[in-house]
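# Summary of the model geometry
Okay, here's what each chain looks like letter by letter:
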Amino acid sequence: MKKLYMNKTTIRALMIISICIVIVLVLAFSGVAIAHMVVFSRADYDKYDSDYFLVYDDIDKDKYPREQIIVQSGENDISAFLYVVDDAKGLIVVAPGHRDANDIKLYEI
């Protein structure tokens with residue numbers, strides 16, 4: 001079996017390439033982690049732009065009464081609204097997801 005001999009220049013080039021690869025990987029993973037924290041951070045919505053979104057104040061509250069429910073998820077409380085209709089034939093669950101508020105999806109129902 002033939003032995004592979006490398007001179008100092010080849011070893012130095014391999015070290016530089018290896019360090020560059022590690023730096024690129026660290027920067028890439030750090031960038032993704034920072035972007036994830038920014039995009040998926042918690043948000044509280046006290047006021048909505050009612051000119052743009054349909055909110056609960058815009059609909060007939062007597063026809064579509066609702067009650068707020070709280071679901072425990074680990075250390076977090078997730079708020080939701082239960083719309084009760086007497087002659088309902090089913091249940092619609094609206095889960096707006098990250099950074100959306102419960103009222104924002106009313107226009108889709």
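Residues numbered from 1 in each chain as written. Predicted model: local features only at pLDDT ≥ 70, side-chain atom pairs only at ≥ 80, totals over all residues. Heavy atoms only, no water.

### Structural notes on the overall build of the protein chain
For the protein chain, the helix and strand inventory stands at one helix and two strands. Going from N to C terminus, the protein chain has its helices and strands arranged as α-β-β. Here the protein chain holds 109 residues, and 7% of them are scored as buried. The contacts of the protein chain with a sequence gap of at least 6 include a subset with a gap of at least 24, amounting to 36%. As displayed, the protein chain has an accessible area near 10,000 Å², and 60% of this comes from carbon and sulfur atoms. (Helix = DSSP H or I, 4+ residues; strand = E, 2+ residues; numbered from the N terminus. Buried < 20%, exposed > 50% of the residue type's maximum accessible area, 1.4 Å probe, protein only. Contact = heavy atoms within 4.5 Å. Areas by Shrake-Rupley, 256 points an atom, 1.4 Å probe, with all protein chains shown as cover.)

### Structural notes on a nonpolar patch on the surface
Side chains of L4, M6, I11, L14, M15, I17, I21, L25 and F29 sit close together on the surface and give an oily, nonpolar patch of about 950 Å² of accessible area. Inspection of the secondary structure puts L14 in helix α1 (residues 8–39). (Patch = residues over 30% accessible without salt bridge, like charges linked within 9 Å, V, L, I, M, F, W, Y side chains within 5 Å. Salt bridge = Lys/Arg side-chain N within 4 Å of Asp/Glu carboxyl O.)

### Structural notes on the confidence of the model for the protein chain
Confidence in the prediction for the protein chain averages 78 pLDDT; 72% of positions are at 70 or higher. Across the protein chain, the element-wise mean pLDDT spans from 79 in strand β2 (residues 76–83) up to 93 in α1. (pLDDT = per-residue confidence, 0-100.)

### Quick word on the pairing of strand β1 (residues 66–73)
The sheet contact formed by β1 and β2 spans eight bridges and is antiparallel. By the bridge assignment for β2, S73 is matched with N76. (Pairing = 2+ DSSP bridges.)

### Here we look at the environment of P65
Tracing the chain through its elements places P65 in the loop between α1 and β1. Residues P65 and Y83, 18 residues apart in the sequence, show an inter-C-alpha distance of 5.8 Å. Those residues within four positions of P65 in sequence are excluded, and the remaining contacts are Y56, L82, Y83 and V84.

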